[in-house]
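# Structural features, examined
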Amino acid sequence: MGERGLTIAIDGVVGSGKTVTAQLVAAGLGYRHLDTGAMYRAVTLAAIRAGVAPEPGAELTGLLAGLEIELESQDRGGRVQLNGEDVTEAIRLPEISRRVGAYADLPLVRRDLVARQQRLGAGGGVVAEGRDIATVVFPGAELKVRMVADLATRARRRHGELAAKGLAVSLGEVAEDIRRRDDEDAARDYGAAGPPTDLVVLDTTDLTLEGQVERIIALARERGA
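Summary of the structure given here. (Residues numbered from 1 in each chain as written. Predicted model: local features only at pLDDT ≥ 70, side-chain atom pairs only at ≥ 80, totals over all residues. Heavy atoms only, no water.)

## Points about the sheet that holds strand β1 (residues 7–12)
Keep this limit in mind: Strands were regarded as paired on the criterion that DSSP finds at least two bridges between them. Strands are runs of DSSP state E lasting at least 2 residues, helices are runs of H or I lasting at least 4, and numbering of each runs from the N terminus. Axis angles are defined between N-to-C directions and span 0 to 180 degrees, where every axis is a line fitted to C-alpha atoms and, for a helix, only to the segment in contact.
Here we have five strands laid out as an open sheet, ordered β2-β6-β1-β7-β8, and parallel in their pairing. Edge positions in the sheet fall to β2 (32–35) and β8 (199–203), since each has one partner strand and no second. Averaged over all adjacent pairs, the angle separating strand axes in this sheet is 20°, with direction ignored. Where β1 meets strand β7 (residues 143–148), five bridges bridge the pair, whose relative direction is parallel. Of the residues in β7, the one forming a bridge with A9 is K144.

Now the structure itself:
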């Protein structure tokens, strides 16, 4: 691989822990973390603020053209900047979670963001995560991991994350939101022929965060990272 570094693609169900795991894997390997979901959330936040509906047309095209989305490196805090504003917490609010699918499903939005993601990851040395990352965005990734976990575990983890941020949402509400998003994801067509044959499935139900990170770093080392 020389000095290029691997492209590591981490897919996973909602609440499986892929975002924080990807962050720590990137830090452990000295790679860049590319959170594609944060980019879709940033578009959703911008659209809601601007009153732009999730439908193709000149309004949404114009909105996308005017957006600058920056994913800061982990040594700069891993913050998400939208047109120069730190929106790291704002894009994780339940309102955004409920509405992001409507924008993410639009081919117009997907084409725009996939192109941005591919430019960001073109040089390798990146840990990219998202729902279509191993099939559509980086089908040539040297390591492709899909993270899964049972619903109860995922709801508990997400509820803890929201509570730590001071958001008063019940565990039941979180579980129902995840169940709904599972159904939406299962019905989506991301443009891939099927799951890649070289996909590693990692069940995180009984794994600690440290265990998840160690396992993926070990897989990366096996592939030359």
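Still more ground to cover, so stick around.
## Structural notes on the nonpolar core
Keep this limit in mind: What is meant by a nonpolar core is a set of buried Ala, Val, Leu, Ile, Met, Phe, Trp, Tyr and Cys residues, joined one to another through side-chain atoms within 4.5 Å. For every residue, the accessible area obtained with a 1.4 Å probe (protein chains only) is divided by the maximum for its type, and the residue is called buried under 20%, exposed over 50%, and partly exposed between those limits. Here a residue-residue contact requires only that any non-hydrogen atoms of the pair lie within 4.5 Å.
Judged by nonpolar contacts, the single largest core of 37 residues is most densely connected at L60, L82 and V109. Listed by contribution, the elements that provide at least two residues to this core are α2 (36–50), α3 (58–65), β3 (69–71), β4 (80–82), α4 (94–104), α5 (107–120), β6 (126–129) and α6 (133–137). Per element, the largest residue contribution to this core is eight residues, and it comes from α2. With near-sequence residues (within four places) excluded, V109 lies in contact with Y40, V43, L60, L64 and Y103. Judged by nonpolar contacts, the second largest core, of 19 residues, contains V25, A26, L29 and V213.

## With respect to α2
Residues lying three or four places apart along an α-helix face the same way, a consequence of the helix completing one turn every 3.6 residues. Note the threshold: By this rule the span expected of a helix is its residue count minus one, scaled by 1.5 Å. Polar contact is the term for a pair of N or O atoms within 3.5 Å; when the atoms are in protein, one must be able to donate a hydrogen and the other to accept it, and sequence-neighboring residues count only if both atoms are side-chain atoms.
When the terminal C-alpha atoms of α2 are compared, their 22 Å separation across 15 residues agrees well with the 21 Å that a helix rising 1.5 Å per residue should span. Where burial is concerned, most of α2 is hidden: 11 out of the 15 residues are buried. Among all positions in α2, only T36, A38, M39, Y40, R41, A42, V43, T44, L45, A46 and A47 are buried. If you check the start of α2, you find a side-chain oxygen 3.2 Å away from the backbone N of G37, and it comes from D35. G51 sits one or two residues past α2 and shows a positive phi near 70°.

## What to know about the pattern of salt bridges
Basically, it comes down to this: Salt bridge criterion: a side-chain nitrogen from Lys or Arg within 4 Å of a carboxyl oxygen from Asp or Glu.
Tallied over the entire structure, the rule returns 15 salt bridges. The salt bridge partner of R146 is D11, with a shortest N-O separation of 3.6 Å. Of this pair, R146 sits in strand β7 while D11 sits in strand β1, and the two are 135 residues apart along the sequence. Here R146 falls in the partly exposed class, since its relative accessible area comes to 21%.

## Points about the environment of G211
One can find G211 in helix α9 (residues 209–222). Given a relative accessible area of 17%, G211 falls into the buried group. Taking the C-alpha atoms as reference points, G211 and T21, separated by 190 residues in sequence, lie 9.6 Å from one another.

## Section: the side chain of K18
Threshold: In summary, the charge assignment counts Lys and Arg as positive and Asp and Glu as negative, without counting His or the chain termini.
Looking at where K18 falls in the secondary structure, it is placed in helix α1 (residues 18–29). Of the side chains with opposite charge, E129 lies nearest to the buried K18, which makes no salt bridge, at 5.1 Å. Here V13 takes part through its backbone oxygen, which lies 3.4 Å from a polar atom of the side chain of K18. Residues contacting K18, with those up to four places away along its chain left out, are I10, D11, G12, V13, E129 and M147.

## Observations concerning helix α7 (residues 151–164)
The terminal C-alpha atoms of α7 lie 20 Å apart, and with 14 residues this matches the ideal 20 Å at 1.5 Å per residue to within 8%. Its buried side turned inward, α7 meets α8 (171–187). Where α7 ends, the next residue or the one after it, G166, has phi of about 80°, a positive value.

## Brief notes about the sheet that holds β3
The three strands are arranged β3-β4-β5 in an open sheet whose pairing can be described as antiparallel. Only two strands of the sheet have a single neighbouring strand rather than two, namely β3 and β5 (85–86). Across three bridges, the pairing between β3 and β4 is antiparallel. Within the sheet, the bridge partner assigned to E70 lies in β4 and is Q81. Across the sheet, α2 lies against β3, β4 and β5, angled at about 145° from β3, the strand it touches most.

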